[in-house]
Amino acid sequence: MDDADEELAARAQTGDRQAFALLVRRHQERVFRFVLRMLGSRDEAMDLTQDTFLKAWNALPAWQPEARFATWLFQIARNATLDLLRRRQLVEFVPLDADTPGEAACEPRDGAPLPEERLADRQRIGLLERALAALPAEQREILLLRELEDMSYAEIAATLGIHEGTVKSRLARARAAALAHYRHHAGESPDERRA
Amino acid sequence: MNAAHEAHITDNDLSAHLDAELDAAAQRRVEGHLAACPRCAARLADFAALSADFDRLPQESFGCDLAGVIAGRLAAVAPPRPRIPAPGWRGLLPLGLGAAASVALGIAMGAALLGGGAALPRMTAMSVFDPIPPGGLCLDACYARGADKTGAFIK
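Per chain, residues are indexed from 1 in the order of the written sequence. All chains are assigned letters beginning with A, and all ligands numbers beginning with 1, in the order in which they are written. Local features in a predicted model are, by the rule used here, given only for residues with pLDDT of at least 70; side-chain atom pairs are given and counted only at 80 or more, and totals for whole chains, interfaces and linings are based on all residues. Side-chain metrics rest on all non-hydrogen atoms present in the structure, leaving aside hydrogens and water.

Explain the overall build of chain A to me, and be specific about the residues and the numbers.
Under the scheme used here, helices are H or I runs from DSSP no shorter than 4 residues and strands are E runs no shorter than 2 residues, and both carry numbers assigned from the N terminus. Each helix and strand in chain A was counted, giving eight helices and zero strands. For chain A, the succession of helices and strands along the chain, N to C, is α-α-α-α-α-α-α-α. Counting the 195 residues in chain A, one finds 51% classified as buried. The contacts of chain A with a sequence gap of at least 6 include a subset with a gap of at least 24, amounting to 64%. Each accessible area is a Shrake-Rupley result for a 1.4 Å probe, and residues are judged covered by the shown protein chains and nothing else. When the accessible area of chain A is evaluated, it comes to approximately 9100 Å², of which 49% is carbon and sulfur surface. For each residue, the accessible area found with a 1.4 Å probe, counting protein chains only, is set against the maximum for its type, and the residue is called buried under 20%, exposed over 50%, and partly exposed in between. Note on definitions: a residue-residue contact is assigned when non-hydrogen atoms from the two residues lie within 4.5 Å.

Here's what the structure looks like:
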């Protein structure tokens, strides 16, 4: 799949719009999910996903075959997302402490039915969504790239433009922070252990 | 913080262990510690549970074929322009030659203007400064030199 990505990207570089359309179909859901989790707004995520691919089309002449297309595309999506968050001045999300844990956040934003799950599972998902929303953008993005996109540390480093050692430490901090938020919302005592 | 606490595996290593991103030696060290340390094992289990919860997140979908939308928007714009390789130093040669010619012309014009009657400032004007600082001792030679100029000090 990855080789085909690069092959399609090389064709798209020459102006082949059909090749680019295949790339869009292949990556639109991944990009959309990442942007949605970063922004928390479905409408904005749809707009930004479109913008990401349009920017990718315009930036294609600068794409180097040595770079994985998916990593390069996520760089564009990530930069566009951070730009929007900065414009919204919401790079640091404010935790929603007043709400009851597990309430409302369990519901998917698009109204699609959740799979059959036990109540405890639904509550855990709700808590995770709230914990994610409470994290700084820097920690949220690295968690999403690792946990949802299943990127290796090397791929995350390339996407974020940081060293792999930084990926390791930032990811650990993000996990610890997510757990702390999770427990806070769940009413559990925070873990006293620190890295 | 006692010695036993310091010996625990850090969150950094536990997190990397979960992701199978440690080198072989570090992986063995962590596994050995986890086998004997319920505290670190519990922390790792927390990280693993958090990771597993991500798999349960609702799979949001864009909901339509974005390629069609993009194709429509791209139809209105020109295809991306092929990348033009950087010119390198040879590409800068004409610019450099032009700059050198401009400087040479400026120097020639300046020289022509100065040579046509404009006098250079005379460095002898600096002689208005007395070599003896105010309040400094003036030796006989000084008085003698002053006397030579004005005649007032000649005894």
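Anyway, onward from the coordinates.
Talk me through the interface of chain A and chain B; I want residue IDs and the actual numbers.
A common measure of how large an interface is: the accessible area buried when the components associate. Opposite the 57 residues of chain A that make contact, chain B presents 47 residues. Of the roughly 4800 Å² buried where chain A meets chain B, counting both sides, 57% is carbon and sulfur surface. Any carboxyl oxygen of Asp or Glu that lies within 4 Å of a side-chain nitrogen of Lys or Arg is treated as forming a salt bridge with it. Remark: the boundary between chain A and chain B carries six salt bridges. Of the charged contacts, one joins Asp 19 of chain B and Arg 175 of chain A as a salt bridge, the two residues approaching to 2.8 Å between their closest N and O atoms. Here a polar contact is taken to be a pair of N or O atoms separated by no more than 3.5 Å, where protein atoms must pair a possible hydrogen donor with a possible acceptor and residues adjacent in sequence count only if both atoms sit in side chains. Linking chain A with chain B are 20 residue pairs in polar contact (both at pLDDT 80 or more). Contributing elements (two or more residues each) for the side of chain A that touches chain B: helix 1 (2-13), helix 2 (17-39), helix 3 (42-59), helix 5 (119-134), helix 6 (137-148) and helix 8 (164-186) of chain A. With 11 residues, the top contributor of residues to the side of chain A that touches chain B is helix 2 of chain A. Throughout, the ten residues Ala, Val, Leu, Ile, Met, Phe, Trp, Tyr, Cys and Pro are labelled nonpolar, Asp, Glu, Lys and Arg are labelled charged, and all others, Gly among them, are labelled polar. Residues that form the side of chain A that touches chain B fall into these classes: 28 nonpolar, eight polar and 21 charged. We define buried area as the total accessible area lost by two parts upon association, computed with a 1.4 Å probe and summed across both.

Tell me what's going on with the state of the cysteines, and back it up with residues and numbers.
The disulfide definition used here is simple: a pair of cysteine sulfur atoms within 2.5 Å. Enumeration over the complete set of coordinates arrives at zero disulfides over all chains. With no disulfide of its own, Cys 37 of chain B lies closest to Cys 40 of chain B among cysteine sulfurs, the gap being 3.7 Å.

How would you summarise unusual backbone geometry if you had to cite specific residues and measurements?
Located in the positive-phi region is Asp 150 of chain A, a residue other than glycine, with phi close to 60 degrees. Within the secondary structure, Asp 150 of chain A is located in the loop between helix 6 and helix 7 (153-160). Asp 150 of chain A gets classed as exposed once you look at its relative accessible area, which sits at 56%. The phi dihedral of Ala 20 of chain B is positive, around 55 degrees, even though this residue is not glycine.

Give a description of the packing of aromatic side chains that names residues and reports values.
Residues and elements named next belong to chain A. What counts as a ring pair is set by centres within 6.5 Å for rings of Phe, Tyr and Trp (its six-membered ring), and what kind of pair is set by the plane angle: stacked under 30 degrees, edge-to-face over 60, tilted for all other angles. A complete count under the given rule lists five aromatic pairs over all chains for this structure. When the centroid spacing of 5.4 Å and the interplanar angle of 65 degrees are considered together, the rings of Phe 34 and Phe 74 count as edge-to-face. Of this pair, Phe 34 sits in helix 2 while Phe 74 sits in helix 4 (residues 69-88), and the two are 40 residues apart along the sequence. In this structure Phe 74 comes out as buried when scored by relative accessible area, which is 0%. On the numbers, 5.7 Å between centres and 40 degrees between planes, the contact of Phe 69 with Trp 72 is tilted. A residue pair is termed a helical-turn pair when its members lie 3 or 4 positions apart in one helix, as Phe 69 and Trp 72 do in helix 4 at three residues. Neither residue differs from the other here; Phe 69 and Trp 72 are each classed as buried. Three or more aromatic residues link up through ring pairs in this structure, and these residues are Trp 63, Phe 69 and Trp 72.

So what's going on with the confidence of the model for chain A? Which residues, and what values?
Of all residues in chain A, 79% attain a pLDDT of 70 or more, and the chain-wide mean is 83. The predictor attaches a confidence to each residue, and that confidence, scored 0 to 100, is pLDDT. Across residues 93-109 of chain A the pLDDT falls below 50, and counting only partners more than four positions away or on other chains, this stretch makes 38 contacts in the model.

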